[in-house]
Every structure is written in structure tokens, then in C-alpha cells.
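Here is how the chains run, residue by residue.
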Amino acid sequence: MSIHLTLLCAPGGDATLDPLLGDAPLSERGLRLAGAARAVLSPYEQALRAPSTRCSQTADAIGLAAVSEPVLRDLDVGRWCGRTIGEVAASEPDGFSAWRTDPDAAPHGGESVRQLCRRSADWLSGMAPGTGHAVAIIEAAVVRAALIHALALPARAFWHLAVPPLSTVFLTWRGDCWDVQSGRVLPQEPRRRVLSRPPAPAAADSARPTAVRPDGGTVSGCLPESALTGCG
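Below you will find a few notes about this structure.

About the thresholds
- Residues numbered from 1 in each chain as written.
- Predicted model: local features only at pLDDT ≥ 70, side-chain atom pairs only at ≥ 80, totals over all residues.
- Heavy atoms only, no water.
- Helix = DSSP H or I, 4+ residues; strand = E, 2+ residues; numbered from the N terminus.
- Buried < 20%, exposed > 50% of the residue type's maximum accessible area, 1.4 Å probe, protein only.
- Contact = heavy atoms within 4.5 Å.
- Pairing = 2+ DSSP bridges.
- 1 Å grid on protein atoms, 1.4 Å probe; cavity = no way out; pocket = protein on both sides within 12 Å on 5 of 7 lines; lining within 4 Å.
- Points joined across faces, edges and corners; volume = space filled by probe spheres on them.
- Nonpolar A, V, L, I, M, F, W, Y, C, P; charged D, E, K, R; others polar.
- Disulfide = S-S within 2.5 Å.
- Core = buried A, V, L, I, M, F, W, Y, C linked by side-chain atoms within 4.5 Å.
- Arc of directions from axis to C-beta.

Examining the overall build of the protein
Check the secondary structure of the protein and you find 6 helices and 6 strands. Evaluated residue by residue, the protein yields a buried proportion of 51% over its 232 residues. Of the contacts made within the protein by residues no fewer than 6 positions apart, 76% connect residues no fewer than 24 positions apart.

A closer look at the sheet that holds strand E2 (residues 46–49)
Here 6 strands make up an open sheet; going across it, the order is E3-E2-E4-E1-E5-E6 and the pairing mixed. Looking along the sheet, the strands with just one partner apiece sit at the ends: strand E3 (67–68) and strand E6 (178–184). With 7 bridges connecting them, strand E1 (residues 3–9) and strand E4 (residues 132–138) associate as parallel partners. Pairing of His 4 across the sheet is with His 133, part of E4.

Considerations on the environment of Ala 128
Checked against the element boundaries, Ala 128 lands in the loop between helix H5 (113–125) and E4. The exposure class of Ala 128 is partly exposed, given its relative accessible area of 44%.

Re empty space enclosed by the protein
Using the criterion set out here, one finds 1 cavity of 30 Å³ or more in the structure. Gly 13, Asp 14, Ala 15, Leu 20, Leu 21, Gly 22, Asp 74, Leu 75, Val 77, Ala 141, Arg 144 and Trp 159 are the residues that line the largest cavity. In terms of residue class, the lining of the largest cavity is built from 7 nonpolar, 2 polar and 3 charged.

Some thoughts on the environment of Ser 27
Mapped onto the elements, Ser 27 comes out in the loop between E1 and helix H1 (28–37). Exposure remark for Ser 27: the relative accessible area of 44% places this residue in the partly exposed category. Remark: the alpha-carbon pair of Ser 27 and Pro 11, spanning 16 residues in sequence, is separated by 8.7 Å.

Some thoughts on unusual backbone geometry
Positive phi, close to 55 degrees, is recorded for Ala 152, a residue that is not glycine. Along the polypeptide, Ala 152 turns up in the loop between helix H6 (140–150) and strand E5 (167–173). Look at Leu 166: it is not a glycine, yet its phi comes out positive at around 60 degrees. Inspection of the secondary structure assignment puts Leu 166 in the loop between H6 and E5.

Side note on the state of the cysteines
On inspection of all chains with the given rule, the structure shows 0 disulfides. Sulfur of Cys 9: no disulfide; nearest cysteine sulfur belongs to Cys 55 and is 8.1 Å away. Using a relative accessible area of 1% as the deciding quantity, one classes Cys 9 as buried.

Digging into the nonpolar core
Counting residues in each nonpolar core, the largest one holds 62 residues, and the members touching the most others are Leu 5, Leu 7, Trp 99, Trp 123 and Leu 171. Sort the elements by how many residues they give to this core and H6 lands first, with 9 residues. Excluding residues that lie within four positions of it along the chain, Leu 5 makes contacts with Trp 123, Leu 124, Met 127, Ala 134, Ala 136, Val 169, Phe 170 and Leu 171.

Things to note about helix H2 (residues 53–62)
All of the buried residues along H2 are Arg 54, Cys 55, Thr 58, Ala 59, Ala 61 and Ile 62. Projected down its long axis, H2 carries its buried residues within an arc of 165 degrees, all on one side. As for H2, its buried residues are in contact with E1, H1, E2 and E4. After H2 finishes, the residue Gly 63 shows a positive phi value of roughly 90 degrees.

Here we look at H1
Looking only at H1, the buried set comprises Gly 30, Leu 33, Ala 34 and Ala 37. Considered in projection along H1, the buried side chains sweep an arc of 100 degrees and stay on one side of the axis. Among the exposed residues of H1, those oriented more than 90 degrees off its buried face are Glu 28 and Arg 32. Packed against the buried residues of H1 are H2.

Written out as C-alpha cells, the structure is:
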């Protein structure tokens, strides 16, 4: 049986857009946008969410009785939690640079990007064939990690995947590969990035996908199960 999974990115919590690291309640704007999404989302047989405050509030605003799933928790930034991007970059420039360019680096004492990718890959690989149509409300980092797995991208591509607030990624498991399509619940509003992206990774093998655009455009891909290694 097929698995039809919608990943919905909760507003806030994206280290490329928001200055504060870690969990926080939604802003009034975030609540308003999440509420507006309620009218356009399709019904789902199963609804899951990350255990964070922002994902809980997003689910409530949309009107979904989503079950908290610990494995969908956001990237653990350790002792950086509650600090701003500017503070970390100024006080620990070497560690901050490593975090943004090396998927194995965890200078904050928390979780590395590669560890998050593996956690997300294990969750996707363990989904029951009879899952049906499900939605998961998660932070941008977890959406990126899922894309790394589904498209067999190297983990160093993590920060190069744009995941706007309330954007969606549709994953369909066909039995031997994932189909991937991106979309958006609401029209995108321009936002100022607080971080530039790290240098682009070296070109991968030509057999691998070279780009993905979960930014309102549409991307589809189908890769054999043998290629779904989670993190490159």
C-alpha cells in the first residue's frame, strides 16, 4: 500500500529566517497565518506533530487533533537554545561556522545535522505501509532532514534547502521509491534572511538530484530504495 505524507512547516524556528534558536510560542502573525491555512488543508486520516510549543499551537490554529511524536522534535541546539543567531555568531564564530558547514559538527553540545538526518530517515523508513494519508506539523530543520533522505542528497546540502513557513512537502512511497512534491498552503510573503547560506557543496555525482526547491515551485523525484541512505 502507498504512504501519502504531507510535511507542513510550522511558522518560526528556522535558523535561516528567525534570530532566536530553540522553541518559542507563535507570534500573533504566525497564529493568524496558521489559522488561515485551516480553510485550504485537505482532510487527513492521521495527524502528527513535533512536541514543541510552536507545532502544538500551529495544529490547534489549523484545527488538527495532532498526536505529539517525540521523534519529530526539532534539531537540538544544546546550550545555544534561547540565544540569538547574532549572539552565537559573535561569541563563538568558529563553532558557528562549523555548524553551518560541517554536518557532523555539534559545537553547541546538542545534535549534529547528520544525526537529525538519520533520526528523520529512520522515522520515514519505519512508517507502516497502511499509513494512508497523514500530515506531520514539524519545524523547518526536520523538513530539510526528510528531504535529505527522500532525495538521497548529501547531508552537507541541508542548509541549502529553502523551507518557508507553512510550506508543504508531499512524500509518496511507491514501494521502492519516494515521490517528492513541494507546495505552499498560503502565498509567500517576502522575509529577510538573518543568515546567508554557507558555501555551496561540491557537485555530487550526476546520478543524484542536484537541486530541490520547496519554495513554491514543484519538484518531483523518484529514487530506488537502494539509494535511500538517509545522509550522504
